[in-house]
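If you want the building blocks of each chain, they are given just below.
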Amino acid sequence: MLLYYSLAAALPLLGLTNAQVASAIPGTYPTDLIGTWASKSKSVVTGPGFYDPLNDELLEPDLTGISYSFTADGHYEEAYYRAISNPTDPACPSGIMQWQHGSWIFNANGSLSLTPIEVDGRQLTSEPCNYDSSLYIRYNQTELFKQYSVYTDEYHNVPRLDLYMFDGTPMQPLYLVFSPPQMLPTTTLNPMTSASATAGAQKLKKRSSGFGAEVPLNWKASLEANQEAGKVVQTINADRLWWVGLGMTGIGGLLFFGPRRMGIQI
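These lines cover the structure that appears in this document, whether it is placed above or below. Treat the numbers as computed from the prediction; the structure is a model and nothing was measured.

1. A look at the nonpolar core
Stage number 1. In this structure, Tyr68, Phe70, Trp104, Leu112, Leu114, Leu161 and Leu163 are the most contacted members of the largest nonpolar core, which totals 18 residues.
Stage number 2. Those elements giving two or more residues to this core turn out to be β4 (65-70), β5 (75-84), β6 (94-106), β7 (112-116), β10 (143-152) and β11 (159-165).
Stage number 3. Listed in part, the 12 residues of the second largest apolar core include Ala79, Tyr81, Trp99 and Tyr136.

2. Looking at the side chain of Ser67
Stage number 1. By secondary structure assignment, the location of Ser67 is in strand β4.
Stage number 2. On the basis of relative accessible area, Ser67 is assigned to the buried category, the value being 0%.
Stage number 3. Side-chain polar atoms of Ser67 contact the backbone nitrogen of Thr46, separated by 3.3 Å.
Stage number 4. Those residues in contact with Ser67 that sit more than four places away from it in its chain are Thr36, Trp37, Ala38, Val44, Val45, Thr46, Glu77, Glu78 and Ala79.

3. A word on the packing of aromatic side chains
Stage number 1. Tallying each qualifying case throughout the model produces 7 aromatic pairs.
Stage number 2. Both rings, one in Tyr68 and one in Tyr80, keep their centres 5.9 Å apart while their planes meet at 80°; by these two values the pair is edge-to-face. On the criterion of sequence distance, the pair formed by Tyr68 in strand β4 and Tyr80 in strand β5 is long-range, its members being 12 residues apart.
Stage number 3. Of the residues examined, Tyr80 reaches a relative accessible area of 9% and is grouped as buried.
Stage number 4. A centroid spacing of 6.3 Å and a plane angle of 85° characterise the contact between Phe106 and Tyr148, whose relative ring orientation is edge-to-face. Linking Phe106 in strand β6 with Tyr148 in strand β10, this pair joins segments that are 42 residues apart in sequence. Each member of the pair, Phe106 as well as Tyr148, carries the same accessibility label: buried.
Stage number 5. Cluster of aromatic residues (ring-pair linked, three or more members): Tyr29, Tyr68, Phe70, Tyr80, Trp104 and Phe145.

Calculation notes
Within any chain, residue numbers begin from 1 and follow the written order of that chain's sequence. With pLDDT at 70 or above as the cut-off, local features in this predicted model cover only qualifying residues; side-chain atom pairs require 80 or more to be listed or tallied, and sums for whole chains, interfaces and linings still use all residues. Each side-chain value is worked out from all heavy atoms of the structure, with water and hydrogens disregarded. For our purposes a nonpolar core is just a set of buried Ala, Val, Leu, Ile, Met, Phe, Trp, Tyr and Cys residues, chained together by side-chain atoms within 4.5 Å. Each residue is placed in one exposure class: buried if its accessible area under a 1.4 Å probe, protein chains only, is under 20% of its type's maximum, exposed if it is over 50%, and partly exposed if it falls in between. Only DSSP runs of H or I with at least four residues qualify as helices, and only runs of E with at least two residues qualify as strands; both kinds are numbered from the N terminus onward. We call two N or O atoms a polar contact when they sit within 3.5 Å, provided that within protein one can donate a hydrogen and the other can accept it, with sequence-adjacent residues counted only if both atoms are side-chain atoms. Contacts are assigned to residue pairs that have any heavy atoms within 4.5 Å of one another. Centres within 6.5 Å make a pair out of two Phe, Tyr or Trp rings, where for Trp the six-membered ring is used; the pair is then stacked when the planes are under 30 degrees apart, edge-to-face when over 60, and tilted otherwise.

Treat this as a map of the structure, not an account of what it does.
Written out as structure tokens, the structure reads:
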């Protein structure tokens, strides 16, 4: 009991909310975190629309973004979809998709610790200018957020979540899209067995989707069986990617030379 009141008295001095103070006590979680949060585009959202555990495949959203979901009993899920620019060759960007789920805790110092289910995480990496195929593998990464803040965004007038990485660097803001959260089952979805060791092995099946303006590449992928554990090979539509890259280079030139011709110093 003395420990409880000591924590309750000390945590407000660290700038934590009442909900966070209560959640520092073992067995409780911050109520303001519960729900599904997504970045501005709201195209990337956790749940069955991002990862299909039955066919073991990631489903490409229309736009890039990130999403986190938290439950009141300590489960979480995350979805990442990012485009990686190539400064030396703008026509050759790359892309990465990641999905994880597992358990989370709120620490007494105000930080969040996220521990994934190791065998369930997935990552798809695409570098079409360097490789003819993409790599789909099992992925797991424990995460630590130094602190977080939940408040009503003045511009969008919706709950907003600001997460700060382990070193205090802020992530892009997330906005509440579902409450209660939209998530896949919180138990292990793809245990390491002889049947799942060839994750993604299936009959040849084509799938494709377009990207919006936030992403400088397009994927047109077909799944093929791969003999290595947890891997799926995907082919890329390099021709379409080249034209998109050329357009990005032209836009970059206009942004650079346009102001100079008007006498504006940049």
